Structure formats: structure tokens, C-alpha cells
Amino acid sequence: MSEELFIAAGAGKKETYESLIPQLAALMEGETDLTANLANLSAALHDTFGWWWVGFYWVKNNELVLSPFQGPIACTRIKLGKGVCGTAWKEAKSQLVPDVNAFPGHIACSGSSVSEIVVPVFDKQDQVVGVLDVDSERYDVLDETDVFYLERISQLITEII
Ligand code: SME
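Remember, predicted model here, so these are calculated numbers, not experimental data.

End to end, helix α2 (residues 34-49) covers 22 Å across 16 residues, agreeing with the expected 22 Å (1.5 Å per residue, within 8%). For α2, the set of buried residues is N37, L38, L41, S42, A44 and L45. Mapping the buried residues of α2 onto a view down its axis gives an arc of 165°, with all of them on the same face. What points out from α2, more than 90 degrees from its buried face, is the exposed set T35 and D47. The inward-facing, buried residues of α2 contact α1 (13-28), β1 (53-60), β2 (63-70), β6 (128-136) and α4 (144-160). N-cap assignment for α2: the residue whose side-chain oxygen lies 3.1 Å from the backbone N of T35 is D33. The first or second residue beyond α2 is G50, which carries a positive phi of 65°.

Dropping the structure here:
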């Protein structure tokens, strides 16, 4: 796999994900180190979509702990059921938050982030082992299409853990 991503200029969101996802699978092929893979996924998503913050929190000792990400520094630990991340973990369900001010208990790591998607990552036994978190500084960027494709990216991770 070449260490460059190819996305057609001017492609729409759906086309961009459709082109990106096989490249992400190829990027992880043959690499067994989870940190290396999560780091490359974060960078690939950040570069492709230009989101404010994108990265992972991983379940360690019954807490979510900050893991590979791209963007400004962030909160390091989140408890089960707390914030958008802790809710996605507890409910084992993706959370689409178009306006973080409307989400009770949202954890504001950065005042610039106004909308957010958190998608759980499952192991092969269907347990949540982490979450993929995307933050935007815009209200009109993240939607159900992102949830659909971020869940597919999450499934790529399930395949390698
Ligand atoms: N806003 C998240 C916390 C993580 S940061 O956005 C990177 C939450 O409410 O869980």
C-alpha cells in the first residue's frame, strides 16, 4: 500500500467515503499493531475531511482513555455514560449530535467544537472496546451519511482486532 491517499477532487461526501474505505482497509492490511492502525485512520480521516478533531477513545480499566487522534489536545478519560462518548459506549449505539449545546452532559474538550458524531467500535464478541469520535466547528457538516460510513470504518477495525 502506498502511503498516500487518492480522493478525486470535487467528489461528494458519499463518493469520498466510497473511495476512501478500500484505501483504509489496504492501509491496515498486514499491520497488526492497533495503535499504528488507529493513528493512520485518524490521520486519513482528518486529512480527507478537514474535521476539527477526529480520533479514538479506548476502553481501559472500565474508562474510555484518549487514544490516537488528530486535532487539538483533548480530555484524557471519560466514564461510562458520560458525555457523547460515554453514551455511545454505554448504549453501544452511534450518537449524532448536530448541536452539542442540545446534548445534556456533553463534555466540551474544545469550545470550538459545535457538532459531533461518536460511533462505537466492537470486538468480534460484540463488546464495545472503544469509540471513534468526530468533532466539527460547523453545524452543517456532520449527518447520517457520516454515521453510515463511520460505522463501516468501525467494522474495518473489528476485523483486525
Ligand atoms: N465531546 C466528547 C468528549 C471528547 S472530545 O470531543 C474530543 C463527549 O462529550 O464525550
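What follows deals with the sheet that holds β2. Pairing within the open sheet is antiparallel, and its six strands lie in the order β3-β2-β1-β6-β5-β4. The strands lining the two open edges of the sheet, one partner per strand, are β3 (77-78) and β4 (95-97). Strand direction decides the pairing type here: β2 and β3, joined by two bridges, are antiparallel. Bridge pairing in β3 links V65 to R77. The strands touched by α2 within the sheet are β1, β2 and β6, with β1 carrying the most contacts at an inclination of about 155°.

What follows deals with α1. Here α1 spans 22 Å end to end across 16 residues, near enough to the 22 Å set by a 1.5 Å rise per residue. Inspection of α1 places T16, Y17, L20, I21, Q23, L24, L27 and M28 among the buried residues, and these make up the whole buried set. Of the surrounding secondary structure, the elements contacted by the buried residues of α1 are α2 and α4.

On to the nonpolar core, then. L24, L45, W51, L150 and I153 are the most contacted members of the largest nonpolar core, which has 27 residues in total. Taken together, the elements giving at least two residues each to this core come down to α1, α2, β1, β5 (115-122), β6 and α4. Among residues more than four places away in sequence, those in contact with W51 are Y17, L45, H46, V134, D135, V141, L142, D146 and L150. V84, W89, F103 and V131 belong to the second-largest nonpolar core, a separate cluster that totals 15 residues.

What follows is about the site of the ligand. The environment of the ligand is made up of 13 residues, and the closest members are V84, C85, I107, E116 and D135. Within the backbone of V84, one N or O atom sits 2.9 Å away from an oxygen atom of the ligand. Between a nitrogen atom of the ligand and a main-chain N or O atom of I107, the distance comes to 2.7 Å. Taken by itself the ligand offers 310 Å² of open surface, and the protein chains cover 99% of this. Every element with two or more residues in the shell around the ligand is listed here: β1, α3 (83-91) and β6. No other element matches α3, which puts three residues into the shell around the ligand. Here the residues of the shell around the ligand sort into eight nonpolar, two polar and three charged.

By the secondary structure assignment, E31 is in the loop between α1 and α2. Judged by relative accessible area, which is 33%, E31 ranks as partly exposed. Along the primary structure E31 and N101 are separated by 70 residues, whereas in three dimensions their C-alpha atoms are 39 Å apart. Excluding anything up to four places from it in sequence, E31 contacts A36 and N37.

Rules used throughout
- Residues numbered from 1 in each chain as written.
- Predicted model: local features only at pLDDT ≥ 70, side-chain atom pairs only at ≥ 80, totals over all residues.
- Heavy atoms only, no water.
- Helix = DSSP H or I, 4+ residues; strand = E, 2+ residues; numbered from the N terminus.
- Expected span 1.5 Å × (residues − 1).
- Buried < 20%, exposed > 50% of the residue type's maximum accessible area, 1.4 Å probe, protein only.
- Arc of directions from axis to C-beta.
- Contact = heavy atoms within 4.5 Å.
- Polar contact = N/O pair within 3.5 Å; in protein donor to acceptor, adjacent residues only side chain to side chain.
- Pairing = 2+ DSSP bridges.
- Axes fitted to C-alpha atoms, helices over the stretch in contact; angles between N-to-C directions.
- Core = buried A, V, L, I, M, F, W, Y, C linked by side-chain atoms within 4.5 Å.
- Near = heavy atom within 4 Å.
- Areas by Shrake-Rupley, 256 points an atom, 1.4 Å probe, with all protein chains shown as cover.
- Nonpolar A, V, L, I, M, F, W, Y, C, P; charged D, E, K, R; others polar.

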